[in-house]
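What the coordinates show
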Amino acid sequence: MDRFLVNMAVVRVNWDKKGSDILDNYIPLVHEALDKISADVFSVDEFKEKFVEIAEFKIPTGAVLSLLKRATNKYQLLEKQPQGIYKIQRDRVKSSGFSNMRDAEQRRYNGLVQKFVDYCKKQHAVEVEEESASTYFFEVLYDIAPLLFANLSEAEKIKAAHSDKNKFLVSKFVAYSNKYDQESFESILSFVRGSMLTETFYYSQNATDITNKPLKKVVVYFDTQFLVRILGFSQRELCIPCEELMEMLSDMDVKTRCFRNTLDELHGIFFAALNQLDQYGRLSPNKPSDVFDFINQNSITPSDLLIIINSLEEKLNERKIFVEEKPEIVEAFSLNENALSERLSSVFEHQSEKARAHDIDCLQAIFQLRGGRKQDYLDRCKAIFITTNAQLARISTLFFNEQYGHSNASLCMGDHVFTSLVWMKSVKKTADLPKDRLVANCYSALLPSDSLWSDYISEVNRLKDKGKINEHDYHVLIHSMAARDQLMDQAFSSDENMFGSVNTILEKAKKIYTEELGARLEHAENEVEYQTKKMDRIIDIVSLAVYRIILFSIIGLWVLLLGYALMYTSPDSISDIRGVDIKSLVFLVLLVVTILNLIFGFKLIDFCKSLARKFGRKTAVRIRNFIDNT
């Protein structure tokens, strides 16, 4: 398996060098496959067999033909012979730099494996053999590129040999690397980018069309959970990849829609939350990171929920997602809903009839929009349904392929797979897309599974009903992120009945929760202190401004009076002062001030400053009182 991952890294290296043409990324692997073919003349099937052996992933025949054509016309590695036979140009094949790239990435991979082994031992006291570590890494790729997993020759063997605990270890390591070891994280991203490139082979019969044809004529419809994330009603890590997909689709002028029944389902979720809040005063999340969990984490009130409910369609329109009615069902294009329902119910045992009916209605609508025909090209498929439920995408794709013929453009596609394809077609390729998708997948893997969370909720409710935990403890166990981390750690380390130690989870969560509250309190106190100082500075600035305005106004007035007195009010004789008029009054004021200055050292500037200072202080006091009252 390590060779597969190294090859993915080689594909990524070539991509970084050559850019957007997908076929050029695989020419080093073509060189290696041709070099390993002993005869100079070979058939397409012989090359495909050798290529799969070298690359360790299967490749559609259409992509093989495109690679051979590129190797012949652009690189002159081959000379095409009659009847689909090719002849190898040995002198050109030997010039490949594949070995050097492969050896460099192999060393990088080996270093990463050793770091993973050391991490498991130091952080979790788990001994991991280096030979099995590569499979752990592959499970991360499986979450991001599931069709690669399905197309590997030993896929089923690998799938059966590994558990959620192993995925938990990988996700912990990736999350740790993202924070503390960027070199390791970049190595992992190297495999992921290569797998994203390779994944696109499975959605086009002609590999040269993968990046060249835009999606402008395709209308993209989203499921409920995608709408939840694009509106921001989930954990930030899960929302970012959806936002990036929407940004790329917007740049490509792709129409984005949702069906009216999907919006109705979204309304129903928020109405259920509102009713539960009104009835019980709190929400119990069905699973971590769902809408109920988001409402709890953000302390959203019933009045806030009413505003959200009434603005859902408007908020979708702001993000260029418009609501459409489902098309009328034409019987000639109709799918077998009963058969599809049976297939889905056998996989999603706990799914409600209402939710299953919604999924079937959306798939039926897309099938109608496609005219009831299978589609060979993603860019010509007219309509596609994008879901965050990868299992729904896989099951529905298998169903439609069996019932209506194999399609290279699935009726329903997982958002992570679709994002990879859009990323390949995008002119402005988002550099952080693989990273954010990887972080989101790791975040999801580190959340309790639906079954584990359901059992945990039941146990916590039982303890509360028996009076063994109080309301505050219940809140900590259900809503705090610390308790969820402890739950996953406990599930990872326990063999049988882990719920006998909910009190242990509570104790550890309380400690972390208290530390978090202390940190928040300290942060809040620092913020208050900062805002207080900021407010004091503003008040001082206003007070100083008032002081200066008053001071300069008084001085200016006095200068005017002085000038007026000197020029116009000086009497010709003492008898002129006896007449009480404005001139005599101004002169007398000037005379009094002059005498006070000569005898007592009175300074008018000091008087002006004192008066201005009083006005400044009163202004500051009024501003503080106004701020305190508001």
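Everything that follows concerns the structure shown earlier in this document.
Residues numbered from 1 in each chain as written. Predicted model: local features only at pLDDT ≥ 70, side-chain atom pairs only at ≥ 80, totals over all residues. Heavy atoms only, no water.

In this section: the overall build of the protein chain. The helix and strand inventory of the protein chain stands at 27 helices and eight strands. Going through the 630 residues of the protein chain one by one, you find that 47% of them count as buried. Contacts in the protein chain between residues at least 24 apart in sequence constitute 75% of all its contacts with a sequence separation of at least 6. Just so you have it, the protein chain exposes about 32,200 Å², and 52% of that area is on carbon and sulfur atoms. (Helix = DSSP H or I, 4+ residues; strand = E, 2+ residues; numbered from the N terminus. Buried < 20%, exposed > 50% of the residue type's maximum accessible area, 1.4 Å probe, protein only. Contact = heavy atoms within 4.5 Å. Areas by Shrake-Rupley, 256 points an atom, 1.4 Å probe, with all protein chains shown as cover.)

In this structure, A125 takes a positive phi of about 55 degrees despite not being glycine. Along the chain, A125 falls in the loop between α6 (98-124) and α7 (130-144). Owing to a relative accessible area of 69%, A125 belongs among the exposed residues under this scheme. With a phi close to 50 degrees, S299 is a non-glycine residue in the positive phi region. Locating S299 in the fold gives a position in the loop between α15 (291-297) and α16 (302-318).

This next bit is on the sheet that holds strand β6 (residues 321-324). Sheets are built from strands paired through backbone hydrogen bonds, the pairs being either parallel or antiparallel. The five strands lie next to each other as β6-β5-β4-β7-β8, forming an open sheet whose pairing is parallel. At either margin of the open sheet sits one strand with a lone partner, and together these are β6 and β8 (412-414). Strand-to-strand twist in this sheet, taken as the mean axis angle between neighbours without regard to direction, amounts to 40 degrees. Here strand β7 (residues 383-387) runs beside β8; their pairing, made up of three bridges, is parallel. Bridging across to β8, F385 finds its partner in C412. In the packing of helix α18 (residues 353-369) onto the sheet, the strands contacted are β4 (219-222), β5 (255-259), β7 and β8, and the crossing angle to β7 comes to about 155 degrees. (Pairing = 2+ DSSP bridges. Axes fitted to C-alpha atoms, helices over the stretch in contact; angles between N-to-C directions.)

Inspection of every chain in the model, using the stated rule, returns 15 aromatic pairs. Aromatic pair F399 and F400: ring centres 5.5 Å apart, planes at 85 degrees, arrangement edge-to-face. Taken together through their ring pairs, the aromatic side chains of F116, Y119, F173, Y176 and Y180 make up a single cluster. (Phe/Tyr/Trp six-rings, centres within 6.5 Å; stacked < 30°, edge-to-face > 60°.)

Attention now moves to helix α13 (residues 236-251). With 16 residues, α13 should cover 22 Å at 1.5 Å per step; its first-to-last C-alpha distance of 22 Å lies within 8% of that length. Among the residues of α13, those classed as buried are L238, C239, P241, C242, E244, L245, M246, M248 and L249. Remark: D253 follows α13 within two positions and exhibits a positive phi of approximately 60 degrees. (Expected span 1.5 Å × (residues − 1).)

Judged by pairing direction, the sheet is antiparallel, and its three strands sit side by side in the order β1-β3-β2 without closing on themselves. Strands at the two margins of the open sheet, each flanked by one partner only, are β1 (41-43) and β2 (78-81). Adjacent strand axes in the sheet meet at a mean angle of 35 degrees when their direction is disregarded. Bridge analysis of β1 against strand β3 (residues 85-88) gives three bridges, and the strand direction is antiparallel. Its bridge partner lying in β3, S43 is registered against I85.

Within helix α2 (residues 27-36), eight of the ten residues are buried, which leaves it mostly tucked inside the rest of the structure. By the burial criterion, the buried members of α2 are I27, P28, L29, V30, H31, E32, A33 and L34.

Our next topic: the pairing of β2. Relative to β3, β2 runs antiparallel, the two sharing four bridges. Residue L78 lies in a different strand from β3, and its bridge partner there is I88.

Let's shift gears to the pairing of β3. Every regular strand shows the same layout, with side chains that alternate between the two sheet faces. Burial of β3 is one-sided: the residues Y86 and I88 facing one way are buried, the residues I85 and K87 facing the other way are not. The antiparallel pairing of β2 with β3 creates a hairpin that spans three residues between the two strands, and Q83 there sits at a positive phi of about 65 degrees.

Here the structure, examined in full by the defined rule, presents 18 salt bridges. R102 is paired through a salt bridge with E32; the nearest N and O atoms lie 3.4 Å apart. Taken together, the positions of R102 in helix α6 and E32 in helix α2 put the pair 70 residues apart, joining distant regions of the chain. We note a salt bridge from R90 to D40, for which the minimum N-O separation is 2.8 Å. Within this pair, whereas R90 is found in helix α5 (residues 90-93), its partner D40 is found in the loop between α2 and β1, the two being separated by 50 residues in sequence. (Salt bridge = Lys/Arg side-chain N within 4 Å of Asp/Glu carboxyl O.)

The subject of this paragraph is the environment of F348. Position of F348 among the secondary structure elements: in the loop between α17 (337-347) and α18. F348 gets classed as buried once you look at its relative accessible area, which sits at 13%. When sequence neighbours within four positions are dropped, the list of residues in contact with F348 reads R356, N389, Q391 and L392.

As a further point, take a positive patch on the surface. Taken together, the side chains of K609, R613, K614, R617, K618 and R622 define a basic patch exposed on the protein surface. Considering the arrangement of structural elements, one finds R617 in helix α27 (residues 604-629). (Patch = residues over 30% accessible without salt bridge, like charges linked within 9 Å, V, L, I, M, F, W, Y side chains within 5 Å. Lys, Arg positive; Asp, Glu negative; His and termini not counted. Charge placed at Lys NZ, Arg CZ, Asp CG, Glu CD.)

In this section: the packing of α17 against helix α19 (residues 390-404). Taken N-terminus to C-terminus, the directions of α17 and α19 make an angle of 145 degrees; their axes are 11 Å apart at the nearest point. Of the two possible hands of crossing, α17 and α19 adopt the one that is right-handed. Of the residues in α19, those touching α17 at A339, L340, R343, L344 and V347 are Q391, L392, I395, L398, F399 and E402. Tallied by class, residues from the contact of α17 with α19 come to eight nonpolar, one polar and two charged. (Left-handed = near helix turned anticlockwise from the far one by under 90°. Nonpolar A, V, L, I, M, F, W, Y, C, P; charged D, E, K, R; others polar.)

Right, let's get into the nonpolar core. Ranked by internal contacts, the top residues of the largest apolar core, which has 112 residues, are L34, F47, F51, F116, F222, F270 and F418. Grouped together as the second largest cluster of nonpolar side chains are 22 residues, C362, A393, I395 and F399 included. (Core = buried A, V, L, I, M, F, W, Y, C linked by side-chain atoms within 4.5 Å.)

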